[in-house]
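Each chain, written out:
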Amino acid sequence: MTTRHFPIVIAGAGLGGLTAARVLHVNGIESAIFELEASAAARTQGGMLDIHETNGQKALHAAGLHDDFLKIVHDGGQAMRLLGRDGTVHVAEDDDGTGGRPEVDRGDLRDLLLGSLPDGTVHWGRKVTGARALGDGRHEVTFADGSALTTDLLVGADGAWSRIRPLVSDAWPAYTGISFVETGLFDADTRHPRSAALIGGGFFIALGDERGVLAHRESDGSLHVYTALKVDEGWLDTVDFTDHAAAKAAVLARFEDWDESLRGLVADAETITPRRIHALPVGHRWDRTQGVTLLGDAAHVMSPFAGEGANLAMFDGAELALAIAAHPGDTEAALAAYEQALFPRSEASAAESAASLDTMFGERGLEQMVAFCTSGPAAQ
């Protein structure tokens, strides 16, 4: 099999990799994305995302897609409710349309980015198995199908378990101490009216006794719920998640003293999926390595409790592409400029995420979150 050469290769067609390719395209620079999924429709893309003015929306402006983004925003999605374990509502905020974090379905956002790229930019069904330096900044990338390619610039946008990261860093994500059990309730207004009324129109949090429930109302009328448990890393392995009834019982046993309306978000669910939460060390960085860099979770995977993961990935992608466009013919200068800004901003967000985890699932989690939500910047 002939080894092809591509000037710029992006490993991973997540939001960060797609944004990088789009902003490169806007600036007249071609790139090629290699993605392990078989097609754009291979799987659903997760739940709602709040896209922030300070980073995610800036990336969409750079991509020339902000106006189209506004068309797919979920009206009412910025509403928020914070409850205690007994079902008492401590904070309730409506979405008046003036907030800076509009909600959008991750799948809709990904489709927007995919549709903005030239045909053939994304090479589907190409699982990266490794990469090695060839000298002078060039790299060889190998795939599960036995094929390989070479590139002058390799961008690792391939997530938490990146196959590109080892080229620049030996860091590996560690378990944060929190595991999620993700549940879904479909056609909620009709089939689960109690749960639909509980969640409201946007984002929902219930906290107590170092446990929590986080949920969104999806644009399709379903409820996407994450039950958060402070458990050992191996606890999920003790539960048979192929047996939905047994899995629900195992989770609910940890919420025996919670209000029945909150327990119903698990008990009445149609789907149930385990997820461990991992993070790279706060302040993860690497020495400038010729011809390769990282973005998004590959660079700085963190817990989701600052709400920055997708926003940072998109902003990383845009900033990297803009740096490349600003340094024509000098890739190393572009990468140095990009990483100089990347490291401090990702460290700040990772520290915020780690602190939020400690706050939410600490002994005074509910009390501290109520103070944060009602006091604004003074509580941060």
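Everything discussed here concerns the structure shown above.
Heads up: these notes are all about the structure in this document. Given the structure is predicted, the values throughout are model-derived calculations rather than measurements.

What counts and what doesn't
Residues numbered from 1 in each chain as written. Predicted model: local features only at pLDDT ≥ 70, side-chain atom pairs only at ≥ 80, totals over all residues. Heavy atoms only, no water. Helix = DSSP H or I, 4+ residues; strand = E, 2+ residues; numbered from the N terminus. Rg over C-alpha atoms; globule rule 2.2 N^0.38 Å. Buried < 20%, exposed > 50% of the residue type's maximum accessible area, 1.4 Å probe, protein only. Contact = heavy atoms within 4.5 Å. Polar contact = N/O pair within 3.5 Å; in protein donor to acceptor, adjacent residues only side chain to side chain. Axes fitted to C-alpha atoms, helices over the stretch in contact; angles between N-to-C directions. Parallel < 35°, antiparallel > 145°, perpendicular 65-115°, else oblique. Left-handed = near helix turned anticlockwise from the far one by under 90°. Pairing = 2+ DSSP bridges.

Secondary structure summary: the protein contains 12 helices and 16 strands in total. In terms of C-alpha radius of gyration, the protein reaches 21 Å, essentially the compact-globule figure of 21 Å for 380 residues. Once the C-alpha set of the protein is aligned to its principal axes, its extents read approximately 60 × 45 × 35 Å. Counting all 380 residues of the protein, 53% fall into the buried class. Considering only contacts in the protein between residues 6 or more positions apart, those separated by 24 or more positions represent 72%.

Right, let's get into the side chain of Thr150. Tracing the chain through its elements places Thr150 in strand E10 (residues 148-156). Here the side chain of Thr150 touches His5 through a polar contact of 2.7 Å, side chain to side chain.

Quick look at the packing of helix H7 (residues 244-252) against helix H8 (residues 260-267) now. Viewed as axis vectors pointing N to C, H7 and H8 meet at an angle of 150 degrees, and their least axial separation amounts to 9 Å. The pairing of H7 with H8 is recorded here as roughly antiparallel in orientation. Crossing of H7 against H8: the hand is right-handed. Residues Lys248, Val251 and Leu252 of H7 pack against Arg263, Val266 and Ala267 of H8.

A word on unusual backbone geometry. We note that Asp136 has phi near 60 degrees; this positive angle belongs to a residue other than glycine. With respect to the helices and strands, the residue Asp136 is situated in the loop between strand E8 (128-135) and strand E9 (138-143). Notably, Asp209 is not glycine yet its phi reads approximately 55 degrees, a positive angle. With respect to the helices and strands, the residue Asp209 is situated in the loop between strand E12 (203-208) and strand E13 (211-217).

Residue position: Ala92 is located in strand E5 (residues 89-93). Residue classification places Ala92 among the exposed residues on the basis of a relative accessible area of 56%. Taking the C-alpha atoms as reference, Ala92 lies 9.6 Å from Cys373; in sequence the two are 281 residues apart.

We now examine the sheet that holds strand E15 (residues 271-279). In space, the 7 strands of this open sheet follow the order E5-E4-E12-E13-E14-E11-E15, with mixed pairing throughout. The sheet is open, and its two borders are formed by E5 and E15, each paired with just one other strand. Ignoring strand direction, the axes of neighbouring strands in this sheet form an average angle of 15 degrees. Pairing of strand E4 (residues 80-84) with E12 involves 5 bridges; the strand directions are parallel. By the bridge assignment for E12, Gly84 is matched with Leu207. Sitting on the sheet, H7 touches strand E11 (174-185), strand E14 (223-230) and E15, and the angle it makes with E15 is about 50 degrees. Contacts from H8 reach E4, E11, E12, E13 and E14, with the element oriented near 85 degrees to E11.

A word on the pairing of E4. Of all the 5 residues making up E4, 4 are buried; the element is thus mostly covered by neighbouring parts of the structure. Relative to E5, E4 runs antiparallel, the two being bridged by 4 bridges. What sits directly across from Leu82, in E5, is Val91. Hairpin remark: E4 followed by E5, antiparallel, with 4 residues in the connecting loop; positive phi at Gly87, about 90 degrees.

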